[in-house]
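Here is how the chains run, residue by residue.
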Amino acid sequence: MTVAATGSAQTYLKGQSRWHPLEIAFWLATLLPYVLFPDYLSLASQIAITALFALSLDLILGYAGVVSLGHAAFFGIGAYAAGILSKTFTFDFLGSTVTWPGLGEPALGLVFAALMAGLAGYATSFIVARFRHFTLIMITLGIGLIAEEIANRAHWLTGGSDSLQGINISNLLGVFRFDLYGYTAYTYSLAVLFIVFLGVRRLVNSPFGLALRGIRENWVRMPAIGAASQAHVRLAYTIAATIAGIAGALLTQTTQTAALGSINFGRSADVVVMLVLGGAGRLYGGLVGAAIYMVARDQFSGIAPQFWFFWIGLMLICVVMFLPNGVLGGVSAIYRRWRHK
Amino acid sequence: MNRFLVSAALLAAVLAPGAASAQDTVKIGVIAAYSGQFADTATQIDNGIKLYMKQHGDKVAGKKIEIIRKDTGGPNPDVAKRLAQELVVRDKVDILAGFTLTPEALGAAGVAQEAKKLMMDMNAATSVVTEKSDYIVRSSVTLPQIASTAGNWLATKGGAKKAYTMVSDFGPGIDAETWFQKAFKAAGGEIVGSVRMPIANPDFSAFIQKAKDLSPEAIFVFVPGGAQPAAIGKAFAERQIDPKKVKIMSTGEAVDEQAVKAMGDVAVGRLSAWHYDYNHKSKTNEAFVKAFNAEFKRNPDFFAVGGYDGMHLIYEALKKTKGKADGDSLVGAIKGMKWDSPRGPAMIDPATRDIVHNVYIRRVEKVGNNYVNVDIDTVKDVKDPTHK
Amino acid sequence: MLPPVIGVLFDGLAYGMLLFVLSVGLSVTLGLMNFVNLAHCAFAMLGGYVTATLVNDYHWPFLATLPVAFLAAAAASVFFERTLYRRLYGASDLDQVLLTIGLAFMSVAAAAYIFGTVQQPIRTPEFLRGGLSAFGITLGYYRLFLVGVALAVTLLLVLGLEHTRFGAMVRAAVDNHRMARGLGINVGITFAITFALGSGLAGLGGALAIEVVGLDSNFALGFLVYVLIIVAVGGLGSITGSFIAAILIGVSDIAGKYYAPEFGAFFIYVVMVAVLMWKPAGLFGKR
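This structure is a prediction, so every number in the text was calculated from the model and none was measured. (Residues numbered from 1 in each chain as written. Chains lettered and ligands numbered in written order. Predicted model: local features only at pLDDT ≥ 70, side-chain atom pairs only at ≥ 80, totals over all residues. Heavy atoms only, no water.)

**Student:** Account for the overall build of chain C, naming residues and giving values.
**Tutor:** For chain C, the count of helices and strands is 12 helices and 2 strands. Along the three orthogonal principal directions, the C-alpha set of chain C runs to about 60 × 45 × 35 Å. Going through the 287 residues of chain C one by one, you find that 62% of them count as buried. Counting only contacts in chain C whose residues sit at least 6 apart along the sequence, the fraction spanning at least 24 positions is 77%. For chain C, the exposed area adds up to about 10800 Å²; of that, 70% sits on carbon and sulfur atoms. Mean positive and mean negative side-chain charge positions of chain C (14 and 12 charges, respectively) differ by 12 Å. (Helix = DSSP H or I, 4+ residues; strand = E, 2+ residues; numbered from the N terminus. Buried < 20%, exposed > 50% of the residue type's maximum accessible area, 1.4 Å probe, protein only. Contact = heavy atoms within 4.5 Å. Areas by Shrake-Rupley, 256 points an atom, 1.4 Å probe, with all protein chains shown as cover. Lys, Arg positive; Asp, Glu negative; His and termini not counted. Charge placed at Lys NZ, Arg CZ, Asp CG, Glu CD.)

Here you go:
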């Protein structure tokens, strides 16, 4: 990423904020599934949700350099929050039976999930922001595992290993049912992805975003130029947790299921793989990585599921050895070489 | 960006839905966890399916049977639901089958209900599954069936007055504990204590010591399959709890073939209640085991029987409906069906669509150089106790 | 007469010793080369399968297979170190994590392909079964064996580090790479040999683990978390640290389950996070 030798930071940021024609093409392409792959809309919806999750991780991993192996904790909190909110509870209160009606309205669920995940992110950010390198990896792993264990233990609340039952999601905007073909699901997920993406894009192309990149490159130096490293990381981490929670809620609402798979180590690890595959620190890296990974996994699930681990392992090794900046990094390198011919 | 669009276009070309499925094919979508931790379960279910089709051909009532397999990667209901949707919408399957674990079955239930397709649960053992849709039939087993039989038998014919329960702390374990205790107490026994062990638990000595502290005459154990059965069996021996002196009762998973092989002598005397063992002496089973070994070079287990019997029900139903494969016809045909399964006589309860079969009480004994589960008693026609 | 809890604590100690043998190699390589090798348990799994195959299919005596498990894992690690790992010595944490996790994934798939997904049973020799009854408690023979092996390994490692020239080179390289190189120590060969040693110990640990925790094609990933916890808590590059951490984790895990089973698995995660917050480099870490 070259910065103009002359010109201020403002100009640089303004330049980055302009919409590149490829970006517009990308977002138009997300409308293609309606036309080209109408039978794949459920998959497209889950890709959009996973892309949102990967985007949230990019904020901390790609931009602030925080390697988190426990990010699914927030995805799971959001997923379970939205699910539990929609359930109807009956309990005894002062002698009479009270029925708490489930709040299944999707928008409400999103807000609630964002709040829960954001709070959890804020609380843990105090721990996470203080460490780097291997210690940080292990602490985020530990937090993720603790979250998974809590979800497993509290089966009176989460359904534990049997998954959450009784989820009752209302129609979107009161009108649109989550249908068998996935039209509503995909439209909803895509819309939320786009809106949040706009927000994140604004954020990374702001002085805050620049500070995050500075923190990633040189943790020690940043306070010397007046950027409070820990506070910035905490903020980024909280925002990332909130977005992850929104993604989790989307999954629960579009599938009416919530299980330990939304909070376990596998989900944390998958999203790291996706982000690196696509290219971290590039806004679109998570989106591209999620698309490639999920499509590949879907294809493998029908052809040769036992070999999925083999190919994903091989692919990881290849990406690390030959495509260190992910697919997008490789593409932009080719593009640059072609430009300079 | 270009790379993405190109590959998307290629995908479209390769995967464009083919011509509408021929009228004379019945497609079955098998959804199971073929990769990951539960891969072996899915493999055995699949082996059961494959063996049935080999023995009975792939044509029934004039229709060709086609199997489409999809991997969920584990107990992921969101993936199972999506795969079920894709199978119904894209591949136009007539029947959904498989389901290694409960969350997968719960995820797909809504799809079966909405699309009105028969859903054959070949493994998931939580009672509530069959209640989630009118189109779900179970060919495997339910845990309450087994646990309550075990509790009842142990207090009556087993002659134990006091029991201690040790189960893994997750859905099936808690189910097992609840129904064992209920039946044991109802038959006059007393539960002297209980403990729930963490699901990811490599070491049992702490929990066994807690049991030993109370010197119970009987212990009920439930752990998930895999490494834990052998580990807990060996831990009993290390803490010097002898199955020949203390009645250790469990479900079949805790004394499966690999577990008893690994435990060796310390397994002798272990009691269990289960619906299937490869060692069960019946003509049907002996033929089944022989054919299974010839094809797959290993013994069948209850997962394989779930798959095998599931296919049997589908075939017989198609024969009855003369090839009509819509959900209502098939479910109607299956309700009340009785057949001679390798496990023994079996039936699908017309009211609940759940499996009704014999539960055998077995004891581990050394036969020649092998350790096997030998039937010592039979409790006939056990229904799942939870359905109203 | 000792209270039964002593027997439980002994089991925790023995379990900890097994974890030590599995983890010490990773701790040393992490401390020495600053290389995050998440494929460490894949080498352990290799050792386990070597032993299982030799015992079950070729009827070797169990004890004789242990050195073979060690050597097989060490040899495999040399191969991967020469071809893949050395290219990433200077790379970022994330790249190392991903490369080695990729390797671990491939090993799981390979194990499933070759051996199937089924549990590998193992029958240990007669004299290792059963237990020793003393003072009212029972000490399992196999667990005594584990403790013995771990102590022997520790002794050899410590003696090797303190009293051999090679050990001195390793210590120098851990403390300060560049200085060591400047003094003419061939840091590359030192790394390679230490890495082989650490992976060999993982292989040995994998073979010993079958009896206690079982072996299937998922072992490389399933056990990784425990090993990482020991390494993080003990401190990178410290044998003493791994030893203490392994005992701490093993005993507290078991004691936690005995006294508060509802807490169960939580305990060690919380212990790890707490220790790392107090001492980010681990209890005996050097950085």
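**Student:** Explain the interface of chain B and chain A to me, using residue names and the numbers behind them.
**Tutor:** The partner chain A presents 43 residues to the 46 residues of chain B that form the contact. Together, the buried faces of chain B and chain A total about 3800 Å²; carbon and sulfur atoms form 59% of this surface. Put simply, chain B and chain A have 4 salt bridges between them. When the shortest N-O distance is used, the salt bridge between A:R153 and B:D169 registers 3.5 Å. Remark: the boundary between chain B and chain A carries 13 residue pairs in polar contact (both at pLDDT 80 or more). Going through the elements one at a time, α1 (2–15), β3 (63–71), α3 (77–89), α4 (102–115) and α6 (171–186) of chain B are the ones with two or more residues in the side of chain B that touches chain A. The leading source of residues in the side of chain B that touches chain A is α3(B), at 9 residues. Of the residues assigned to the side of chain B that touches chain A, the class counts are 24 nonpolar, 9 polar and 13 charged. (Buried area = accessible area lost by both parts, 1.4 Å probe. Salt bridge = Lys/Arg side-chain N within 4 Å of Asp/Glu carboxyl O. Polar contact = N/O pair within 3.5 Å; in protein donor to acceptor, adjacent residues only side chain to side chain. Nonpolar A, V, L, I, M, F, W, Y, C, P; charged D, E, K, R; others polar.)

**Student:** How would you summarise the interface of chain B and chain C if you had to cite specific residues and measurements?
**Tutor:** Every contact between the two is made by 32 residues of chain B and, on the other side, 28 residues of chain C. A salt bridge links B:K234 to C:E211; its shortest N-O distance comes to 3.0 Å. At the boundary of chain B with chain C, the tally comes to 2 residue pairs in polar contact (both at pLDDT 80 or more). Taken together, the elements giving at least two residues each to the side of chain B that touches chain C come down to α2 (39–56), β8 (190–197), α7 (205–213), α8 (228–238) and α9 (257–263) of chain B. At 7 residues, the largest contribution of residues to the side of chain B that touches chain C is made by α7(B).

**Student:** Can you lay out the sheet that holds strand β2 (residues 59–60) of chain B for me, pointing to particular residues and giving the numbers?
**Tutor:** All names here are of chain B. Taken in spatial order, the 6 strands make up an open sheet running β2-β3-β1-β4-β5-β6, and their pairing is mixed. The sheet is open, and its two edges are formed by β2 and β6 (136–138), each paired on a single side. Across 4 bridges, strand β1 (residues 25–32) lies against strand β4 (residues 95–98) in parallel orientation. Paired with V30 across the bridge in β4 is A97. Its contacts with the sheet place helix α11 (residues 302–321) against β1, β2, β3, β4, β5 (118–121) and β6, and it is angled at close to 150° to β5. (Pairing = 2+ DSSP bridges. Axes fitted to C-alpha atoms, helices over the stretch in contact; angles between N-to-C directions.)

**Student:** With reference to specific residues and values, describe the packing of aromatic side chains.
**Tutor:** Given two aromatic rings, one states the distance between the centres and the angle between the planes to describe the pair. A complete count under the given rule lists 38 aromatic pairs over all chains for this structure. Where B:F302 meets B:F303, the ring centres are 4.1 Å apart and the plane angle is 40°; that geometry is what we call tilted. Judged by its relative accessible area of 14%, B:F303 is buried. Centroid distance C:F43 to C:F195: 6.3 Å. Interplanar angle 90°. Geometry classified as edge-to-face. Of this pair, C:F43 sits in helix α2 (residues 40–56) while C:F195 is found in helix α8 (residues 187–213), placing the two residues 152 residues apart along the sequence. Judged by its relative accessible area of 2%, C:F195 falls in the buried class. An aromatic cluster is present here, built from B:Y52, B:Y276, B:F288, B:F292, B:F296, B:Y308 and B:Y315 joined pairwise through their rings. (Phe/Tyr/Trp six-rings, centres within 6.5 Å; stacked < 30°, edge-to-face > 60°.)

**Student:** An account of helix α12 (residues 327–334) of chain B is requested, with residue identities and associated values reported.
**Tutor:** Residue and element names in this part refer to chain B. With 6 of 8 residues buried, α12 is to be regarded as a mostly interior element. Residues G327, S329, L330, V331, A333 and I334 constitute the buried set of α12. If you follow the buried residues of α12, they end up packed against β4, β5, β6, α11 and β13 (344–348).

**Student:** How would you sum up the pattern of salt bridges? Please name residues and give values.
**Tutor:** All names here are of chain A. Within this structure, the stated rule accounts for 29 salt bridges over all chains. A salt bridge links E23 to R201; its shortest N-O distance comes to 3.0 Å. Remark: R201 occurs in helix α9 (residues 183–204) and E23 occurs in helix α2 (residues 21–29); sequence separation between them is 178 residues. Taken as a pair, E23 and R201 share a single burial class, namely buried. Across the salt bridge formed by D270 and R297, the nearest N and O atoms sit 3.8 Å from each other. Residue D270 is located in helix α12 (residues 265–278), and its partner R297 is located in helix α13 (residues 285–303); the two are separated by 27 residues in the primary sequence.

**Student:** Let's hear about the pairing of β13(B): which residues, and what values?
**Tutor:** Residue and element names in this part refer to chain B. A large share of β13 lies buried, amounting to 4 of its 5 residues. Bridge count between strand β12 (residues 338–341) and β13: 4 bridges; the pairing is antiparallel. Looking at β13, one finds that K338 is bridged to M347. Linking β12 back to β13 in an antiparallel pair, the connection comprises 2 residues. Pairing of β13 with strand β14 (residues 355–367) involves 3 bridges; the strand directions are antiparallel. Note that in β14 the partner of M347 across the bridge is V356. Between β13 and β14, which pair antiparallel and follow one another directly, the connecting turn spans 6 residues, one of which, R353, has a positive phi of 65°.

**Student:** Which residues make up helix α15 (residues 326–339) of chain A, and what values go with them?
**Tutor:** Across its 14 residues, α15(A) extends 20 Å between first and last C-alpha, which sits within 8% of the 20 Å expected from 1.5 Å per residue. Burial in α15(A) covers these residues: A:G326, A:V327, A:L328, A:G329 and A:G330. (Expected span 1.5 Å × (residues − 1).)

**Student:** Please provide a residue-by-residue account of a nonpolar patch on the surface, values included.
**Tutor:** All names here are of chain A. On the surface, a cluster of nonpolar side chains totalling about 520 Å² of accessible area is made up of W19, I24, L28, L31, F194 and L198. Listed by contribution, the elements that provide at least two residues to the nonpolar patch are α2 and α9. As for its placement among the helices and strands, L31 is situated in the loop between α2 and α3 (32–36). For L31, a relative accessible area of 43% gives the class partly exposed. (Patch = residues over 30% accessible without salt bridge, like charges linked within 9 Å, V, L, I, M, F, W, Y side chains within 5 Å.)

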